[in-house]
Amino acid sequence: MGTRVIARIERLIPDGVLGQLIRFGIVGGLSTVIYAIVYLPLVAYVLPTGYAFVAVVPAFIVAAAFGWIAHGRWSFRDHGTRSGGAEQPMKFLAVQGFGMVLNGLFTFGLVDLAGMAHWVPLVPAVLVTPLATFALNRSWVFG
């Protein structure tokens, strides 16, 4: 088992995937902090109970704006091409929209329906959404 994992990692290094994944994780971590800085105060102090999912939209927009710059210039810097038109930003927005919907569903289900703490949806937002958006960004947006 261990040798298969090592062999897989060694195959990823020449393709640049490992470096991209590490950079994506760092940018994603920073994006998550930005997301939480916007989301948590809105839920705690601004929005009425039962509407936590509404905080997902502004939080995701701010985090996605940071992500567009950081992923394009750093995470995927040596991968694919950069177009000067609107196609690539529109693809990025579509991927981010998908991520926002995922986070909205996590928030609505866990906080608004199940009554869990406001921070609980941050767990799947950190564990699930980044993996899905990495794959889409690498293959479709910055591929």
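See the structure shown above.
Given the structure is predicted, the values throughout are model-derived calculations rather than measurements.

Asker: Please provide a residue-by-residue account of the overall build of the protein chain, values included.
Answerer: The helix and strand tally for the protein chain stands at six helices and zero strands. Secondary structure of the protein chain in N-to-C order comes out as α-α-α-α-α-α. Counting only residues that meet the buried cut, the protein chain has 36% of its 143 residues in that class. Of all intrachain contacts in the protein chain linking residues separated by at least 6 positions in sequence, the fraction that spans at least 24 positions is 74%.

Asker: Give a description of empty space enclosed by the protein that names residues and reports values.
Answerer: Going through the model one piece at a time under the given rule, you end up with one cavity of 30 Å³ or more. In this structure, the largest cavity spans a volume of roughly 280 Å³. Contributing to the lining of the largest cavity are 20 residues, with Gly-28, Ser-31, Thr-32, Phe-60 and Gln-96 lying nearest its centre. Elements with a minimum of two residues in the lining of the largest cavity: α2 (17–46), α3 (56–75), α4 (87–113), α5 (122–127) and α6 (129–141).

Asker: Explain the packing of aromatic side chains to me, and be specific about the residues and the numbers.
Answerer: Inspection of the entire model under this criterion finds five aromatic pairs. Ring pairing ties together the aromatic residues Tyr-35, Tyr-39 and Phe-60, which thus form one cluster.

Asker: Describe the environment of Trp-140, listing the residues and the values that go with them.
Answerer: As for its placement among the helices and strands, Trp-140 is situated in helix α6. You can call Trp-140 partly exposed: its relative accessible area is 40%.

Asker: Account for a nonpolar patch on the surface, naming residues and giving values.
Answerer: A grouping of Leu-40, Trp-119, Val-123, Val-126, Leu-127 and Val-128 is seen on the molecular surface, where their side chains present a nonpolar patch of about 530 Å² in accessible area. By residue number, the principal contributor to the nonpolar patch is α5, which donates three residues. Counting through the fold element by element, Trp-119 comes out in the loop between α4 and α5.

Asker: Break down the side chain of Thr-129 for me, citing the residues and quoting the values.
Answerer: As for its position among the elements, Thr-129 is in helix α6. The exposure class assigned to Thr-129 is buried, which follows from its relative accessible area of 4%. Residues in contact with Thr-129, not counting those within four places in the same chain, are Gly-99, Leu-102, Asn-103, Phe-106 and Pro-124.

Asker: Kindly report on the packing of α2 against α6, identifying the contributing residues and their values.
Answerer: α6 packs onto α2 with a crossing angle of 130 degrees between their chain directions and a minimal axis gap of 11 Å. Here α2 is positioned oblique relative to α6, judged by the angle of their axes. The handedness of the crossing between α2 and α6 is right-handed. Contacts from Val-17, Gln-20, Leu-21 and Phe-24 in α2 reach Pro-130, Thr-133, Phe-134, Asn-137 and Arg-138 in α6. Here the residues of the contact of α2 with α6 sort into five nonpolar, three polar and one charged.

Asker: Please set out the side chain of Asn-103 residue by residue, giving values where relevant.
Answerer: Relative to the helices and strands, Asn-103 is located in helix α4. Polar contacts involving the side chain of Asn-103 include one to the side chain of Thr-129, which spans 2.7 Å. Those residues within four positions of Asn-103 in sequence are excluded, and the remaining contacts are Tyr-35, Val-56, Phe-60, Ala-125 and Thr-129.

Conventions and cut-offs
Residues numbered from 1 in each chain as written. Predicted model: local features only at pLDDT ≥ 70, side-chain atom pairs only at ≥ 80, totals over all residues. Heavy atoms only, no water. Helix = DSSP H or I, 4+ residues; strand = E, 2+ residues; numbered from the N terminus. Buried < 20%, exposed > 50% of the residue type's maximum accessible area, 1.4 Å probe, protein only. Contact = heavy atoms within 4.5 Å. 1 Å grid on protein atoms, 1.4 Å probe; cavity = no way out; pocket = protein on both sides within 12 Å on 5 of 7 lines; lining within 4 Å. Points joined across faces, edges and corners; volume = space filled by probe spheres on them. Phe/Tyr/Trp six-rings, centres within 6.5 Å; stacked < 30°, edge-to-face > 60°. Patch = residues over 30% accessible without salt bridge, like charges linked within 9 Å, V, L, I, M, F, W, Y side chains within 5 Å. Areas by Shrake-Rupley, 256 points an atom, 1.4 Å probe, with all protein chains shown as cover. Salt bridge = Lys/Arg side-chain N within 4 Å of Asp/Glu carboxyl O. Axes fitted to C-alpha atoms, helices over the stretch in contact; angles between N-to-C directions. Parallel < 35°, antiparallel > 145°, perpendicular 65-115°, else oblique. Left-handed = near helix turned anticlockwise from the far one by under 90°. Nonpolar A, V, L, I, M, F, W, Y, C, P; charged D, E, K, R; others polar. Polar contact = N/O pair within 3.5 Å; in protein donor to acceptor, adjacent residues only side chain to side chain.

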